[in-house]
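Residues per chain, in single letters:
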Amino acid sequence: MPTSLTPPPRDDETECGNCGAYVYQGLMKCPNCGVYLVDPVDPEPEERPRVRPKSKLSLAIEAAMRKIRGEPHIAEELFTGAMREAVLFDDLLRKVGGDRSAVERLIEYERGQNPNATRLTCLQNAVRRWEQENR
Ligand SMILES: [Zn+2]
């Protein structure tokens, strides 16, 4: 005669090999002790959050935090600035029909209007002016 008062596991239950608790068979982990009841096929999911590449949002937040702390990430700033310049240059180049010297003239014109402006600002102003004049 068994002396234990614990009833045997039901058909849909299994006994945890670690703590002995009766666990519903569909469960991956023992809710009592947390041990895996089946060999995990891929233990990675719990590891992933730590190695997952940072999202654009978290990168943006980091960049904003660096700005607040006065630590701009120089390389990143230069990179995004150069990217935006290239995009605006291509945009303007398309507008003027592929004439690079025309784009440079437009940039020089904007620089004449605002000598302290960066090339990026000149490009932005040139695009804006072109759009105003060619609606
Ligand atoms: Zn257990």
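In short, a report on the structure. (Residues numbered from 1 in each chain as written. Predicted model: local features only at pLDDT ≥ 70, side-chain atom pairs only at ≥ 80, totals over all residues. Heavy atoms only, no water.)

Quick word on the overall build of the chain
Piece 1. Tallying secondary structure elements over the chain gives five helices and two strands in all.
Piece 2. In sequence order, the chain lays out its α and β elements as β-β-α-α-α-α-α.
Piece 3. Here the chain, with 135 residues, has 17% of them falling under the buried criterion.
Piece 4. Looking at the chain alone, contacts between residues at least 24 apart form 22% of all its contacts between residues at least 6 apart.
Piece 5. Roughly 10,700 Å² of accessible area belongs to the chain as shown, and the carbon and sulfur atoms make up 55% of that amount. (Helix = DSSP H or I, 4+ residues; strand = E, 2+ residues; numbered from the N terminus. Buried < 20%, exposed > 50% of the residue type's maximum accessible area, 1.4 Å probe, protein only. Contact = heavy atoms within 4.5 Å. Areas by Shrake-Rupley, 256 points an atom, 1.4 Å probe, with all protein chains shown as cover.)

Observations concerning the nonpolar core
The tendency in soluble globular proteins is for nonpolar side chains to be buried side by side.
Piece 1. Counting residues in each nonpolar core, the largest one holds 12 residues, listed as Leu-88, Phe-89, Leu-92, Leu-93, Val-103, Ile-107, Ala-117, Leu-120, Cys-122, Leu-123, Ala-126 and Val-127.
Piece 2. Of all elements in the fold, only α3 (74-95), α4 (100-113) and α5 (119-133) reach the threshold of two or more residues within this core.
Piece 3. In terms of residue count, the dominant contributor to this core is α5 (five residues). (Core = buried A, V, L, I, M, F, W, Y, C linked by side-chain atoms within 4.5 Å.)

Things to note about the packing of aromatic side chains
Piece 1. Applying the stated criterion across every chain yields a total of zero aromatic pairs.
Piece 2. In this structure, Lys-29 is placed above the aromatic ring of Tyr-36, and the distance from its NZ or CZ to the ring centre is 5.3 Å. (Phe/Tyr/Trp six-rings, centres within 6.5 Å; stacked < 30°, edge-to-face > 60°. Lys NZ or Arg CZ within 6 Å of the ring centre and 35° of its normal.)

Let's talk about the environment of Val-127
Piece 1. By the secondary structure assignment, Val-127 is in helix α5.
Piece 2. Put simply, Val-127 and Ile-107 are 20 residues apart on the chain and 9.3 Å apart in space, counted from C-alpha to C-alpha.
Piece 3. Once residues within four sequence positions are removed from consideration, Val-127 is found in contact with Leu-88, Asp-91, Leu-92 and Lys-95.

Brief notes about a nonpolar patch on the surface
Piece 1. On the surface, Leu-57, Ile-61, Met-65 and Ile-68 cluster together to form a nonpolar patch covering roughly 430 Å² of accessible area.
Piece 2. Tracing the backbone through its elements, the reader meets Leu-57 in helix α2 (residues 56-68).
Piece 3. A relative accessible area of 59% means that Leu-57 is categorised as exposed. (Patch = residues over 30% accessible without salt bridge, like charges linked within 9 Å, V, L, I, M, F, W, Y side chains within 5 Å. Salt bridge = Lys/Arg side-chain N within 4 Å of Asp/Glu carboxyl O.)

Observations concerning the environment of Lys-29
Piece 1. Considering the arrangement of structural elements, one finds Lys-29 in the loop between β2 (22-24) and α1 (48-51).
Piece 2. When its relative accessible area of 35% is taken as the criterion, Lys-29 is described as partly exposed.
Piece 3. Each C-alpha atom of the pair Lys-29 and Cys-16 lies 9.0 Å from the other, and the pair is 13 residues apart in sequence.

A short note on the side chain of Asp-91
Piece 1. Mapped onto the elements of the fold, Asp-91 is located in helix α3.
Piece 2. Residue Asp-91 is classed as buried on the basis of its relative accessible area of 17%.
Piece 3. Excluding anything up to four places from it in sequence, Asp-91 contacts Val-127 and Glu-131.

Remarks on the pattern of salt bridges
Piece 1. Taken as a whole and assessed by the stated rule, the structure comprises seven salt bridges.
Piece 2. Close ionic contact of Lys-95 with Asp-91 constitutes a salt bridge, the shortest N to O distance being 3.1 Å. Placement of the pair is Lys-95 and Asp-91 together in helix α3, with a separation of four residues, close to one helical turn.
Piece 3. A salt bridge links Glu-131 to Lys-95; the shortest N-O distance between them is 3.4 Å. You can see Glu-131 sitting in helix α5 and its partner Lys-95 sitting in helix α3, a full 36 residues away along the chain.
Piece 4. When its relative accessible area of 38% is taken as the criterion, Glu-131 is described as partly exposed.
Piece 5. Here the salt bridges do not stand alone but share partners, grouping Asp-91, Arg-94, Lys-95 and Glu-131 into one network.

By themselves, these observations are geometric and do not establish any function.
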